[in-house]
Amino acid sequence: MRSLVWYRGKDLRIADHAPLHAALEDDSNGDDVEVIPVFILDDFFFAPEATRRTPYRIQFLLDSIASLAANLEHLGSRLIIASGRSVDLLPAFAAKWKVDRVVAQSWVAPVGRARDRLVARNLQVPLQLFDTETLCPPGSLRTGSGDPYSVFSAFARAFARDMKVPPPLPAPRSLPPLPKDVKPGKQTLPSLRSLGLARNDRALEGGERAARDRLKAWLKRDAKDYDELRNLMAVDGTSRLGADLKFGTLSVRTVWHAVDRALRELSPDALRVYQNELLWREFAHSTLFDRPELLVQPFRAAWRGFPWRDDEAGWRAWVEGRTGYPVVDAAARQLLATGFVHNRARMIAASFLAKHLLIDFRRGEQHYLEWLTDGDWANNDLGWQWSAGCGCDAQPWFRLFNPVTQGEKFDPAGDYVRAWVPELALLPAKYIHAPWLAPARDLAAAGVRPGSNYPLPVVEHAFARRRFLDTARRHLG
Ligand SMILES: Cc1cc2nc3c(=O)[nH]c(=O)nc-3n(C[C@H](O)[C@H](O)[C@H](O)COP(=O)(O)OP(=O)(O)OC[C@H]3O[C@@H](n4cnc5c(N)ncnc54)[C@H](O)[C@@H]3O)c2cc1C
């Protein structure tokens, strides 16, 4: 049996890789097991205008493909890299190399599903997909009446009742070499520079080894206190595995079981809270699987046609971290500088854009998708629609995060702000989340000149709150 293992960017590993495992297992007709691993640098992601929009994801992706290629080579195989359109190249390779089948991990995101349908249509052999992007096959959990869930708590209860997470598959110990008639070609990975990008060492390092090291370090360091640390924006207390789960440098079931083993006895509360976050990921993917239209429209029909404002100055202030609200600005700057934003800061910043500024949340969603290393269709859409109040199991639409009190609660010493908004670094904690309230003496001592070296708020909180509530009430009836 000759299998083409098609790596597609959400499965960049050798451990717990169901398609690779299946390719090695199958010797049913007594023939040799032949494995051809392929990665296609698809124009959809790698055309120059696309890579420039997603710099940190591309950096992580290239690290991860390079690491995958090295790991496959170490085991005796070789990753074939090609450049072009998957829908054309993949069927052409399959025919040229006379493979018996193509195996791959399925995608939840609509763009991947559309691609797979086209590829399957163009292939002369079966395309066998494995549902291991998530803990359970998307679409498999249903309410009593057979519908998709739209409430997270019910989804999580059903998961606990009906699902058992299978243990991860081990990494193979060796792989067969490429068949003799299969020539890998000369294509290599492009450098960041050739794609018009410069490496940013503050962004997360990709690759399976780096992912495993990250998981191990977090389990040793902060995992046991996750339930207490996860909301503190200045503390590096979360796992930072978002990009690994997105690109599949770790499988989600590997993370699920590793955390289970490490915390079951040591810290059951932290375990419960962390696994609950993985279930939010599951819920997000399941929701997008059932409702692909969510990438372009709100989950709640009443929100369609919402009168978002055209506010280019507000948008630029939000993107560049100049709104005059320190936590919102810290989030914006952390994103541009590192490709990461703390979850609490994501919620505050997203709520601010949609509700305080009344700017269409989809604009923010697109910005996050482009700049976050873990930028992911399903989780990002759920997060944005949740924050705007129009999503599946969203926070109540009439709740606005107050950026000042949120800052005081989840960054009490102001260290998150100090790290990302250095203009305010010397302000006492008491005023750091609302510098415009600081006495002139404190401002002068800290070198802060509101309206000059740090902006005054682009919109006053009480006014913005009223404006949003009036607008939403009018629209939603
Ligand atoms: C506006 C907004 C946008 C977001 N965009 C993304 C995105 O593009 N990609 C992304 O992976 N997450 C997104 N999230 C969810 C969350 O912020 C990140 O998953 C998390 O901050 C990643 O850091 P971590 O791995 O240290 O998280 P941890 O707290 O260690 O969580 C572990 C894992 O659980 C999953 N997870 C945690 N929280 C959520 C959540 N609310 N929804 C779905 N899955 C979750 C992630 O896979 C995460 O890596 C977004 C949230 C908001 C409010």
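Heads up: these notes are all about the structure in this document. Not measured: the values here are computed from a predicted model. Per chain, residue numbering runs from 1 following the sequence as it is written. With pLDDT at 70 or above as the cut-off, local features in this predicted model cover only qualifying residues; side-chain atom pairs require 80 or more to be listed or tallied, and sums for whole chains, interfaces and linings still use all residues. Just so you know, side-chain values use all the structure's heavy atoms and leave hydrogens and water out.

### Regarding the site of the ligand
Taken together, 27 residues sit near the ligand, with Tyr-226, Thr-238, Ser-239, Arg-240 and Asn-343 positioned nearest. For the ligand, an oxygen atom lies 2.6 Å from a polar atom in the side chain of Thr-238. Under the convention used here, a 1.4 Å probe and the Shrake-Rupley method define accessible areas, while residue burial counts only the protein chains that appear. If the ligand stood free it would expose 820 Å²; the protein chains cover 95% of that surface. A cavity here means a set of points on a 1 Å grid, drawn over the protein atoms and nothing else, where a 1.4 Å probe fits but cannot get out; a pocket is an open set with protein on both sides within 12 Å along at least five of seven lines, and a residue lines either one if it has an atom within 4 Å of a point. Molecules are considered to sit inside a cavity or pocket once more than half of their atoms lie within 2 Å of its grid points. In a pocket analysis with a 2 Å cut-off to the grid points, the ligand is assigned to the largest pocket. Mapped onto the shell around the ligand, the elements with two or more residues apiece are α10 (242–247), α12 (268–290), α15 (343–356) and α17 (377–388). Here the shell around the ligand is built from residues that sort into 12 nonpolar, 9 polar and 6 charged. One heavy atom within 4 Å of a molecule or strand is enough for the residue carrying it to be called near that molecule or strand. The definition of a polar contact used here is a pair of N or O atoms within 3.5 Å, where within protein one atom must be able to donate a hydrogen and the other to accept one, and adjacent residues in sequence count solely through side-chain atom pairs. Per the convention used, a helix needs a DSSP run of H or I reaching at least four residues, while a strand needs a run of E reaching at least two, with both numbered from the N terminus. For this scheme, ten residues count as nonpolar: Ala, Val, Leu, Ile, Met, Phe, Trp, Tyr, Cys and Pro. Four count as charged, namely Asp, Glu, Lys and Arg, and the remainder, Gly too, count as polar.

### Structural notes on the sheet that holds strand β4 (residues 101–105)
A pair of strands counts as paired when DSSP detects no fewer than two bridges linking them. As summarised here, the arrangement of the 5 strands in space is β3-β2-β1-β4-β5, forming an open sheet in which the pairing is parallel. Each edge of the open sheet is held by one strand with a lone partner, namely β3 (80–84) and β5 (127–130). The sheet shows a mean angle of 30° between the axes of neighbouring strands, taken without regard to direction. Both strand β1 (residues 2–7) and strand β2 (residues 34–42) contribute to a ladder of 6 bridges, which runs parallel. Considered in β2, the bridge of Ser-3 is made with Val-35. Its contacts with the sheet place helix α4 (residues 55–74) against β1, β2 and β3, and it is angled at close to 165° to β2. Interaxial angles span 0 to 180 degrees and are taken between N-to-C directions of axes, which are lines fitted to C-alpha atoms, for helices over the stretch in contact. Whether two residues are in contact is decided by their heavy atoms: any pair within 4.5 Å suffices.

### Remarks on the packing of aromatic side chains
By convention, a stacked pair of Phe, Tyr or Trp rings (six-membered ring in the case of Trp) has centres within 6.5 Å and planes under 30 degrees apart, an edge-to-face pair has planes over 60 apart, and any other such pair is tilted. Overall, the coordinates contain 29 aromatic pairs when judged by the stated rule. Between the aromatic rings of Tyr-56 and Trp-371, the centroid separation amounts to 5.8 Å while the plane-to-plane angle is 70°, which identifies the pairing as edge-to-face. Placement of Tyr-56 in helix α4 and of Trp-371 in helix α16 (residues 361–371) is noted, with a sequence separation of 315 residues between them. Each residue in the set Tyr-149, Phe-152, Phe-155, Trp-280 and Phe-283 is aromatic and connected to the rest through ring pairs, giving one cluster. Just above the ring of Phe-247 sits the side chain of Lys-246; from NZ or CZ to the centre is 5.6 Å. Think of it as a cone above the ring: NZ of Lys or CZ of Arg counts as a charge over the ring if it is within 6 Å of the ring centre and within 35 degrees of the ring normal.

### Quick word on the layout of surface pockets
Which parts of space are left empty comes out when a probe the size of a water molecule is rolled across the atoms. Grid points are joined across faces, edges and corners, and a volume is the space filled by probe spheres set on the points. Looking at the largest pocket, its volume works out to about 1,100 Å³. What lines the largest pocket is a set of 44 residues, among which Glu-277, Asn-343, Arg-346, Asp-374 and Asn-379 lie closest to the centre. Mapped by element, the contributors of at least two residues to the lining of the largest pocket are α10, α12, α15 and α17. Looking at the lining of the largest pocket, its residues break down into 18 nonpolar, 15 polar and 11 charged. Estimated volume of the second largest pocket: approximately 480 Å³.

### Comments concerning the pattern of salt bridges
Counted as salt bridges are all cases of a side-chain nitrogen of Lys or Arg within 4 Å of a carboxyl oxygen of Asp or Glu. Counted under the stated rule, the structure contains 29 salt bridges. A salt bridge links Glu-423 to Arg-333; the shortest N-O distance between them is 3.0 Å. Taken together, the residues Glu-423 in the loop between α19 (415–420) and α20 (429–432) and Arg-333 in helix α14 (residues 326–338) connect sequence positions 90 residues apart. Type-normalised accessible area, obtained with a 1.4 Å probe on protein chains alone, sets the label of each residue: buried when under 20%, exposed when over 50%, and partly exposed for intermediate values. Given a relative accessible area of 24%, Glu-423 falls into the partly exposed group. Judged by relative accessible area, Arg-333 falls into the buried class, the value being 18%. The salt bridge partner of Asp-415 is Arg-418, with a shortest N-O separation of 3.4 Å. Residue Asp-415 and its partner Arg-418 are both found in helix α19; the two are separated by 3 residues, about one turn of the helix.

### Re empty space enclosed by the protein
For the coordinates displayed, the defined rule picks out 4 cavities of 30 Å³ or more. What the largest cavity holds in volume is close to 60 Å³. Ala-284, Thr-287, Leu-288, Leu-294, Phe-299, Ala-378, Asp-381, Leu-382, Gln-385, Gly-391 and Cys-392 are the residues that line the largest cavity. Secondary structure elements with two or more residues in the lining of the largest cavity: α12 and α17. In terms of residue count, the dominant contributor to the lining of the largest cavity is α17 (4 residues). Here the lining of the largest cavity is composed, by residue class, of 7 nonpolar, 3 polar and 1 charged.

### Let's talk about helix α1 (residues 18–25)
It helps to recall that an α-helix has 3.6 residues per turn; residues three or four apart then point in one direction. Of the residues making up α1, those classed as buried are Ala-18, Pro-19, Leu-20, Ala-22 and Ala-23. Here the buried face of α1 lies against β1, β2, β4 and β5.

### Things to note about the nonpolar core
In terms of nonpolar packing, the biggest core is built from 52 residues, with Trp-318, Val-341, Tyr-368, Tyr-416, Leu-424, Leu-427 and Phe-468 touching the most fellow members. At 7 residues, the largest contribution of residues to this core is made by α15. When sequence neighbours within four positions are dropped, the list of residues in contact with Leu-427 reads Arg-418, Ile-432, Pro-435, Ala-438, Asp-442, Leu-443, Ala-446 and Val-448. With 43 residues, the next largest nonpolar core counts Leu-135, Leu-271, Tyr-274 and Ala-378 among its residues. Definition of nonpolar core: a set of buried residues of the types Ala, Val, Leu, Ile, Met, Phe, Trp, Tyr and Cys, connected through side-chain atoms within 4.5 Å.

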